[in-house]
Amino acid sequence: MELLNGSLSVVMHVFIAALLLVYLPISLVWRLLRWVLVRPFLKEDMTGKVVLITGASSGIGEQLAYEYAKRGASMALAARRERALETVSAKARELGAPDVLVIAADISNPSEANRVVQATIGRFGQRNRQLSLLHRMP
Ligand SMILES: NC(=O)c1ccc[n+]([C@@H]2O[C@H](COP(=O)([O-])OP(=O)(O)OC[C@H]3O[C@@H](n4cnc5c(N)ncnc54)[C@H](OP(=O)(O)O)[C@@H]3O)[C@@H](O)[C@H]2O)c1
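What you see is a predicted model; the values in this text were computed from it and never measured. (Residues numbered from 1 in each chain as written. Predicted model: local features only at pLDDT ≥ 70, side-chain atom pairs only at ≥ 80, totals over all residues. Heavy atoms only, no water.)

Novice: An account of the site of the ligand is requested, with residue identities and associated values reported.
Specialist: Near the ligand there are 15 residues, and of these Ser57, Ile60, Arg80, Arg81 and Asp106 occur at the shortest range. Measuring from an oxygen atom of the ligand, one finds a backbone N or O atom of Gly55 at 3.1 Å. One nitrogen or oxygen atom from the side chain of Ser57 is found 2.7 Å from an oxygen atom belonging to the ligand. About the coverage of the ligand: the protein hides 56% of its 890 Å² of free accessible area. (Near = heavy atom within 4 Å. Polar contact = N/O pair within 3.5 Å; in protein donor to acceptor, adjacent residues only side chain to side chain. Areas by Shrake-Rupley, 256 points an atom, 1.4 Å probe, with all protein chains shown as cover.)

Okay, structure coming up:
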């Protein structure tokens, strides 16, 4: 019995030493390399998620809409110029956005800003829980 206990103890010590000296360093180096070399080239999958983009009718907001559309996100697009938003919305759908809500609003007015958020929750809040505010304009 004592011999068996001694053998088990030796096996356990060898196993723990192997884990600490071989597996953990290799695993850490592998994770680090993957994080540095692979992660920057992976596109985040936004399928089933919703983004709310203000200032979406032109410039940075418009480009953000297209990038998130390519990743499969649904989106609410807000700005004052409704016609420009409709154009962005059509292109976003073409690029892969399953559902796009256009909201014409002047977000310098707090009640308008609140309306934008409420309209977005009203449209997407029940089906999609993750809601991100991505772009804020002055
Ligand atoms: N482009 C760059 O390289 C750069 C670099 C650094 C910083 N920035 C800053 O980033 C911001 C955006 O730049 P951008 O190039 O994307 O400008 P932009 O093309 O003029 O876009 C501004 C967006 O904000 C919307 N907007 C402005 N006032 C609004 C309001 N009161 N309510 C709702 N929407 C409003 C505009 O839409 P509507 O007119 O339809 O309302 C438009 O969609 C600016 O503050 C700029 O100074 C830009």
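Additional details are given in the paragraphs that follow.
Novice: Run through the packing of aromatic side chains, naming residues and quoting values.
Specialist: One pass over the full model with this rule turns up zero aromatic pairs. Note that Lys91 overlies the ring of Tyr66, its terminal NZ or CZ placed 4.5 Å from the centroid. (Phe/Tyr/Trp six-rings, centres within 6.5 Å; stacked < 30°, edge-to-face > 60°. Lys NZ or Arg CZ within 6 Å of the ring centre and 35° of its normal.)

Novice: Describe in detail the UniProt feature "transmembrane region" (unreviewed entry) in the protein, supporting the description with residues and values.
Specialist: Within this numbering scheme, the UniProt entry marks residues 12-33 as carrying the feature "transmembrane region" (unreviewed entry). Counting secondary structure, residues 12-33 comes out at 100% helix and 0% strand; the distance between its end C-alpha atoms is 30 Å. (UniProt positions renumbered as here; feature names shortened; annotations may be inferred. Helix = DSSP H or I, 4+ residues; strand = E, 2+ residues; numbered from the N terminus.)

Novice: For the pairing of strand β2 (residues 74-79), give the residues involved together with the corresponding values.
Specialist: Judged by how many residues are buried, β2 sits mostly within the fold: six of six residues are covered. Bridging between strand β1 (residues 50-54) and β2 involves five bridges; their strand directions are parallel. When the sheet's bridge partners are listed, Thr54 is paired in β2 with Ala78. Handedness of the crossover is the feature at issue here: the chain leaves β1, passes through helix α2 (residues 59-70), returns alongside β2, and the resulting connection is right-handed. Strand direction decides the pairing type here: β2 and strand β3 (residues 100-104), joined by five bridges, are parallel. Across the sheet, residue Leu77 finds its bridge partner in β3, namely Val102. Traced from β2 through helix α3 (residues 82-95) to β3, the parallel crossover comes out right-handed. (Buried < 20%, exposed > 50% of the residue type's maximum accessible area, 1.4 Å probe, protein only. Pairing = 2+ DSSP bridges. Right-handed = clockwise from strand over helix to strand, strands pointing away.)

Novice: Outline the nonpolar core, listing residues and values.
Specialist: Of all hydrophobic cores here, the largest spans 18 residues; its most connected members are Val51, Met75 and Leu77. If you list the elements that add at least two residues to this core, you get β1, α2, β2, α3 and β3. Here this core takes four residues from α2, the largest share from any one element. (Core = buried A, V, L, I, M, F, W, Y, C linked by side-chain atoms within 4.5 Å.)

Novice: I'd love a proper account of a nonpolar patch on the surface, names of residues and values included.
Specialist: A cluster of nonpolar side chains, Met12, Phe15, Ile16, Leu19, Leu20, Leu21, Val22, Tyr23, Leu24 and Ile26, forms an exposed patch at the surface whose accessible area comes to about 1000 Å². Mapping Val22 onto the fold places it in helix α1 (residues 2-37). (Patch = residues over 30% accessible without salt bridge, like charges linked within 9 Å, V, L, I, M, F, W, Y side chains within 5 Å. Salt bridge = Lys/Arg side-chain N within 4 Å of Asp/Glu carboxyl O.)

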